[in-house]
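# Residue-level structure breakdown
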Amino acid sequence: MKNLLTIALFLCISISSYSQNGEVITIGSGQYHCVHAADVTGNGIDDILASQHHSSTLEIWSLNASDEWEMINSITYSQNIWDIGTGDFNENGHIDIVVALRFNGFYLSINNSSSWESPALLDSEYGWNVLVEDINKSGHLDILAMGDQQIFCLYGDGTGNFTKSNIYGFPR
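Residues numbered from 1 in each chain as written. Predicted model: local features only at pLDDT ≥ 70, side-chain atom pairs only at ≥ 80, totals over all residues. Heavy atoms only, no water.

## Concerning the pairing of strand S6 (residues 69–76)
With seven bridges joining them, strand S5 (residues 57–63) and S6 adopt antiparallel strand pairing. Within S6, the position partnered with Ile60 by the bridge is Asn73. Hairpin connection, S5 to S6: the antiparallel pair is bridged by five residues, and Asp67 has positive phi, about 60°. (Pairing = 2+ DSSP bridges. Helix = DSSP H or I, 4+ residues; strand = E, 2+ residues; numbered from the N terminus.)

## Section: the nonpolar core
With 15 residues, the main nonpolar core has Tyr77, Ile81, Ile84, Ile97 and Val99 as its most contacted residues. Those elements that provide at least two residues to this core are strand S3 (30–38), S5, strand S7 (81–87) and strand S8 (96–101). When residues in this core are grouped by element, the largest group, three residues, is from S8. Residue contacts for Ile84: discarding those within four places in its chain leaves Cys34, His36, Leu49, Ala50, Leu58, Ile97, Val98, Val99 and Val130. (Core = buried A, V, L, I, M, F, W, Y, C linked by side-chain atoms within 4.5 Å. Buried < 20%, exposed > 50% of the residue type's maximum accessible area, 1.4 Å probe, protein only. Contact = heavy atoms within 4.5 Å.)

## A few points about unusual backbone geometry
One non-glycine residue, Lys137, adopts positive backbone phi at about 55°. Note on placement: Lys137 falls in the loop between strand S11 (129–133) and strand S12 (142–147). In this structure Lys137 comes out as exposed when scored by relative accessible area, which is 66%. The phi angle at Gln149 is positive, at roughly 65°, despite the residue not being glycine. Looking at the secondary structure, you find Gln149 in the loop between S12 and strand S13 (150–156).

## Points about the environment of Ser165
Locating Ser165 in the fold gives a position in the loop between strand S14 (162–164) and strand S15 (168–169). Measuring from C-alpha to C-alpha, the distance between Ser165 and Tyr155 comes to 7.3 Å, with ten residues separating the pair along the chain.

## Section: the sheet that holds strand S9 (residues 105–109)
The strand order across the open sheet formed by four strands is S7-S8-S9-S10, and the pairing between neighbours is antiparallel. The open sheet terminates on both sides in strands that have one partner only, identified here as S7 and strand S10 (120–123). Each strand of the sheet is rotated relative to its neighbour by a mean of 30°, with strand direction disregarded. Bridge count for S7 against S8 is six bridges, and the pairing is antiparallel. By the bridge assignment for S8, Asp83 is matched with Ala100. (Axes fitted to C-alpha atoms, helices over the stretch in contact; angles between N-to-C directions.)

## Let's talk about the side chain of Asp88
Considering the arrangement of structural elements, one finds Asp88 in the loop between S7 and S8. From its side chain, Asp88 meets the backbone nitrogen of Glu91 in a polar contact 3.0 Å long. Only 3.1 Å separates the side chain of Asp88 from the backbone nitrogen of Asn92, close enough to count as a polar contact. Excluding residues that lie within four positions of it along the chain, Asp88 makes contacts with Gly93, His94, Ile95, Asp96 and Leu141. (Polar contact = N/O pair within 3.5 Å; in protein donor to acceptor, adjacent residues only side chain to side chain.)

## As for the packing of aromatic side chains
Counted by the stated rule, this structure contains six aromatic pairs. When the ring of Phe89 is compared with that of Phe162, the centres are 5.7 Å apart and the planes differ by 65°; the resulting orientation is edge-to-face. Of this pair, Phe89 sits in the loop between S7 and S8 while Phe162 sits in strand S14, and the two are 73 residues apart along the sequence. According to the relative accessible area criterion, Phe162 is buried, its value standing at 19%. Measuring from centroid to centroid gives 5.9 Å for Tyr126 and Trp128, while their planes differ by 20°, and the two rings are stacked. Here the aromatic residues Trp82, Phe103, Tyr126 and Trp128 are joined through ring pairs into a cluster of three or more. One residue, Arg102, lies across the ring of Trp82, its end atom 4.5 Å from the ring centre. (Phe/Tyr/Trp six-rings, centres within 6.5 Å; stacked < 30°, edge-to-face > 60°. Lys NZ or Arg CZ within 6 Å of the ring centre and 35° of its normal.)

Right under this line is the structure:
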């Protein structure tokens, strides 16, 4: 619920107009396709991770001392970002980012508190959606990944490494 309130606050303060199709939100001069809330700065306040429509750049927005949203960082990937997930995958106390890239798979960006590691390819399957959860109840975060007509799990070991499950296909 807290994440939804942060996203709503970001959108309400920042929106200058909506697009007609209901999928894309216009903020200033940008149109955002996917938005995610998580405290990646570690200050106890959710930040906004957002990707503009048909963009390979993930923007990280944070509330400043004047309670205004400002972009504090960005990470560039190899293809359009289709979905965003977060979690402390290497268990260093900092929230990391996983993205689904529509044609290029799933990538992990490790947060080292003062900097972000270059995005690392986790899997090259078609990227559509990511869900972060301890699926196998091992005590480490896993990634449920959905691609084009398939779903699989990337089981985390707590160090930022993953083991891929079987791929399960499903019809459209």
